[in-house]
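Overview (structure and organization)
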Amino acid sequence: MISMFKPAPHTARLPKDKIDPTYRKLRWQIFMGIFFGYAAYYLVRKNFALAMPYLVEQGFSRGDLGFALSGISIAYGFSKFIMGSVSDRSNPRVFLPAGLILAALVMLFMGFVPWATSSIAIMFVLLFVCGWFQGMGWPPCGRTMVHWWSQKERGGIVSIWNCAHNVGGGLPPLLFLLGMAWFNDWKAAFYMPALAAIVIALIAFALMRDTPQSCGLPSIEEYKDDYPPDYTEEAEEELTAKQIFMQYVLPNKLLWYIAIANVFVYLLRYGILDWSPTYLKEVKHFSLDKSSYAYFLYEYAGIPGTLLCGWMSDKVFKGNRGATGVFFMVLVTIATVVYWLNPVGNPGIDMACMIIIGFLIYGPVMLIGLHALELAPKKAAGTAAGFTGLFGYLGGSVAASAIVGYTVDYFGWDGGFMVMIGGSCLAVVLLILTMLSENKHKAELLAAQNKSL
Ligand SMILES: O=P(O)(O)OC[C@H](O)CO
């Protein structure tokens, strides 16, 4: 392990009267760090698409640029898992800003060095490297949330934090427009978001901290008197990579269910998002500004949808993440069917469907990450979430571009929608299995607890 990433050592406990005010202040401060820190990761994850129309003008084909772009998803899928395990043994205060700065440096390179955008192979490699550094974003946020918010608070906090995806995802076009206005240079699509990301990385470093114990505070379980049923003192010890993989991730059946369900959730998330400009233009005859607007609304409708999903998951479904996922996935499947079957000439309905799908799909996206955090001890949280990301990106996101694209080429849009809707139905089945196993698992834990009393 590189020494600068080492987890911060525990320090002497603060006096009793300082614990509560320090906890309150630091939780607020740290949350700002991980929220804006993660939003900034999206600044340098989505910006290549903005440069694509100009690269087409340079003579590159859409298909080849799509291939170069897939480098990000492929690398990100692997990295979220592998770097997740490094992150579980690292200080998030250093890990998150380091990954963000490295990803931003790749984008600066693409913006300022003409060689970097001179061939598809070079762009693929650079985007792959950027995707790899991107994998250093989610796991330290997960590690931070499980160390600073107790189990009962997690549905709420993770759903608020998850909105960072949409906040960050919506900003690159604005930064690009600003860059175009200032410099009249399309490469601003690379360097404007990258420069903003570097500034935010430094702010995140100033705001974030490692564990509560490294700040002289008790564990969150002790502070909130909120202990998971299987909690022991050992939960505070850092784990080795072998323990994380062999004891807590690979043998975990529920984690496998949600990871596979994530393939289909991501197939719909990115299938609808990535293809909406093309589908709305070709089939529904939308103008460019109207389809861009639909894209923007899809992203931002995800914010209230995610918050509602987190709230319902805690309050209505009493923490059963599987059941909440089933509820949202059934609704989003229905909305997708309406979006597909709505005849040409009803743009209001198409727009409403984009908003409803955006509103409903980010809830399950968030829930799977949250559920993964809960299915492993907190010292293995990043790896567990990374495991679901591996499936979501390598399976779902890559399929959303490649399989949906080829299906549309060979069988038309009906075929593309059947793939996405069929995937959603499979996600529902897997989440039902998760829900049933979750109920059984909780009943077993309760029985074991009652026995030990
Ligand atoms: O890796 P991302 O950015 O797609 O985020 C994943 C979600 O937060 C999972 O909960």
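Going by the structure above, here's the rest.
Quick notes on the rules
Residues numbered from 1 in each chain as written. Predicted model: local features only at pLDDT ≥ 70, side-chain atom pairs only at ≥ 80, totals over all residues. Heavy atoms only, no water. Helix = DSSP H or I, 4+ residues; strand = E, 2+ residues; numbered from the N terminus. Buried < 20%, exposed > 50% of the residue type's maximum accessible area, 1.4 Å probe, protein only. Contact = heavy atoms within 4.5 Å.

Structural notes on the side chain of Ser424
Positionally, Ser424 belongs in helix H16 (residues 381-452). Residue class for Ser424 comes out buried when judged on its relative accessible area of 1%. Setting aside residues no more than four positions away along its own chain, Ser424 makes contact with Leu268, Met329 and Thr333.

Remarks on helix H2 (residues 48-57)
Burial in H2 covers these residues: Phe48, Leu50, Ala51, Met52 and Leu55. Contact partners of the buried residues in H2: helix H3 (62-87), helix H4 (92-112), helix H5 (120-134), helix H8 (172-183) and helix H9 (188-207). Phi for Gly59, located one or two positions after H2, is positive at around 115°.

A word on unusual backbone geometry
Phi is positive for Asp225, which is not a glycine, with a value near 50°. Within the secondary structure, Asp225 is located in the loop between helix H10 (220-224) and helix H11 (241-249). A residue is classified by how much of its surface remains accessible, and Asp225, at 59% relative accessible area, is exposed. We note that His285 has phi near 55°; this positive angle belongs to a residue other than glycine.

Focus on the environment of Cys425
Structurally, Cys425 can be placed in helix H16. On the basis of relative accessible area, Cys425 is assigned to the partly exposed category, the value being 40%. For the pair Cys425 and Val330, spaced 95 residues apart in sequence, the C-alpha to C-alpha distance is 7.7 Å.

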